[in-house]
Amino acid sequence: MDANKIVDTFGIIRSIHEIVENTTKAGTKFTKRSVTIEDKNKDTIDLVFWGQRAVNFEVAVNTIITVKGAKINEYQNVQYLSVLSDTVTIFNDTNNAEILRYTSILIYRH
């Protein structure tokens, strides 16, 4: 995937990591939480929620999540998706017909 590209994606939540609080070299404090999602091909990628979105994230494992407008980033040769908008949809029912309107999963590898 091309770094800095904005994509829409969805997958099944496979793990939810603890909140991490850190400080940049410039002294700016930040909060983040990573959520690992998996697509139909069993490929995984982390969604990273920042600030209050990280703190307020209360969704269960095995829930389907969709994100519109995630930014592809890379840190130490590992790609992840930064959730930049509030356009996140949660589906608790995996048989929900609304999921079918998402025709492709944009998680892919080179």
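Parameters and conventions
Residues numbered from 1 in each chain as written. Predicted model: local features only at pLDDT ≥ 70, side-chain atom pairs only at ≥ 80, totals over all residues. Heavy atoms only, no water. Phe/Tyr/Trp six-rings, centres within 6.5 Å; stacked < 30°, edge-to-face > 60°. Buried < 20%, exposed > 50% of the residue type's maximum accessible area, 1.4 Å probe, protein only. Core = buried A, V, L, I, M, F, W, Y, C linked by side-chain atoms within 4.5 Å. Helix = DSSP H or I, 4+ residues; strand = E, 2+ residues; numbered from the N terminus. Contact = heavy atoms within 4.5 Å. Pairing = 2+ DSSP bridges.

Caption draft 1: The packing of aromatic side chains, seen in detail. For the structure shown, the criterion picks out two aromatic pairs. Ring geometry for F49 against F57: centres 4.7 Å apart, planes inclined by 40 degrees, an arrangement best described as tilted. Of the two residues, F49 and F57, both sit in the buried class.

Caption draft 2: Molecular detail of the nonpolar core. Ranked by internal contacts, the top residues of the largest apolar core, which has 16 residues, are L47, F49 and I65. Elements represented by at least two residues in this core include exactly strand 1 (6-16), strand 3 (29-38), strand 4 (44-50), strand 5 (64-75) and strand 6 (78-83). Non-local contacts of I65, meaning those with residues more than four positions away in its chain, are made with T9, F10, G11, I13, I37, L47, F49, F57, V88, T89 and I90.

Caption draft 3: Examining the pairing of strand 3 more closely. The buried fraction of strand 3 amounts to seven of the 10 residues, a majority that puts the element mostly inside the structure. Both strand 1 and strand 3 contribute to a ladder of four bridges, which runs antiparallel. Each bridged residue has a counterpart across the sheet, and for S15 the counterpart in strand 3 is T36. One ladder, built from four bridges, connects strand 2 (residues 20-23) with strand 3; its direction is antiparallel. Following the sheet pairing, V20 is matched in strand 3 by K32. Linking strand 2 to strand 3, which pair antiparallel, is a turn of five residues; within it G27 sits at a positive phi near 95 degrees. Between strand 3 and strand 4, which follow one another and run antiparallel, lie five residues, and K42 among them has a positive phi close to 70 degrees.

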